[in-house]
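# Report on the structure
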Amino acid sequence: MSKTVEFVPDDSYIWDEDDEMRNYHFVSTSGLVKQFVSLGSKLLDDVLPQDLISVVVDVKIKQNLPALVGDRLVIGVRVTKIEENYVYFSGIATKENVKMAEIEFTRVVISRNYLRRKAVEKAT
């Protein structure tokens, strides 16, 4: 299973850890992670029953080249392995047909009711 999308980051993806660099409108690595794991979620949403959901439990990313807000990026992920309720992904992001980032991440499939119970337990 795999999924690929074209993605144009907006200002919400600006790397803002440094005041000077913020002005150059670089895309943050954490913003790229968000896009990758979201794409993995959508891929699993197409096949999981309504009572199950997947959550991220591990991420490893390497960003080789910078990207700017407004750049057209192509992001793709694929399932590399499934073990019990763990689903392993790999992915790449390209800018102008050049690999700019690569990622490996893991999602675990769990019950929505389990998460709801945990939220209620924490609130009470």
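Notes on the structure in this doc start here. (Residues numbered from 1 in each chain as written. Predicted model: local features only at pLDDT ≥ 70, side-chain atom pairs only at ≥ 80, totals over all residues. Heavy atoms only, no water.)

## Examining the nonpolar core
Leu32, Phe36, Ile75, Phe89 and Phe105 are the most contacted members of the largest nonpolar core, which totals 24 residues. With seven residues, helix H2 (residues 29–45) is the single largest residue contributor to this core. Once residues within four sequence positions are removed from consideration, Phe89 is found in contact with Gly40, Leu43, Leu44, Val77, Arg78, Val79, Thr80, Ile103, Glu104, Phe105 and Arg107. (Core = buried A, V, L, I, M, F, W, Y, C linked by side-chain atoms within 4.5 Å. Buried < 20%, exposed > 50% of the residue type's maximum accessible area, 1.4 Å probe, protein only. Helix = DSSP H or I, 4+ residues; strand = E, 2+ residues; numbered from the N terminus. Contact = heavy atoms within 4.5 Å.)

## Remarks on a negative patch on the surface
Negative charge collects at one region of the surface, where Asp16, Glu17, Asp18 and Glu20 lie side by side. Tracing the backbone through its elements, the reader meets Glu17 in the loop between strand S1 (2–7) and helix H1 (19–22). (Patch = residues over 30% accessible without salt bridge, like charges linked within 9 Å, V, L, I, M, F, W, Y side chains within 5 Å. Areas by Shrake-Rupley, 256 points an atom, 1.4 Å probe, with all protein chains shown as cover. Salt bridge = Lys/Arg side-chain N within 4 Å of Asp/Glu carboxyl O. Lys, Arg positive; Asp, Glu negative; His and termini not counted. Charge placed at Lys NZ, Arg CZ, Asp CG, Glu CD.)

## Some words on helix H3 (residues 112–123)
For H3, which comprises 12 residues, the first-to-last C-alpha distance of 17 Å matches the rise-based estimate of 16 Å (1.5 Å per residue) to within 8%. The N-capping residue of H3, defined by a side-chain oxygen 3.0 Å from the backbone nitrogen of Asn113, is Ser111. (Expected span 1.5 Å × (residues − 1). Polar contact = N/O pair within 3.5 Å; in protein donor to acceptor, adjacent residues only side chain to side chain.)

## Thoughts on the environment of Leu39
By the element assignment, Leu39 lies in helix H2. Ignoring anything within four residues of it in the chain, the contact list for Leu39 reads Lys3, Val5, Ile75, Gly76 and Val77.

## Brief notes about unusual backbone geometry
Residue His25 is not a glycine yet carries a positive backbone phi of 65 degrees. By the secondary structure assignment, His25 is in the loop between H1 and H2. Overall, His25 belongs to the partly exposed group, its relative accessible area being 33%.

## Re the pairing of strand S5 (residues 98–111)
Both strand S2 (residues 52–63) and S5 contribute to a ladder of 11 bridges, which runs antiparallel. Pairing of Ile61 across the sheet is with Ile103, part of S5. With 10 bridges connecting them, strand S4 (residues 86–95) and S5 associate as antiparallel partners. Note on S5: the bridge partner recorded for Gly91 is Ile103. (Pairing = 2+ DSSP bridges.)

## Description of the pattern of salt bridges
Counted under the stated rule, the structure contains seven salt bridges. Arg72 is paired through a salt bridge with Glu6; the nearest N and O atoms lie 3.1 Å apart. One end of the pair, Arg72, is in the loop between S2 and strand S3 (73–83); the other, Glu6, is in strand S1, and 66 residues separate them in sequence. Exposure class is identical for Arg72 and Glu6. Each is exposed.

## Observations regarding the pairing of S3
Strand residues, when the strand is regular, have side chains that alternate between the two faces of the sheet. With six bridges joining them, S1 and S3 adopt antiparallel strand pairing. Its bridge partner lying in S3, Lys3 is registered against Val77. Sheet analysis places S3 next to S4, joined by 10 bridges and oriented antiparallel. When the bridges of S4 are listed, Glu83 appears paired with Tyr86. The hairpin turn running from S3 into S4, its antiparallel successor, is two residues long, and Glu84 in that turn takes a positive phi close to 55 degrees.

Interpretation in functional terms is not warranted from these geometric data alone.
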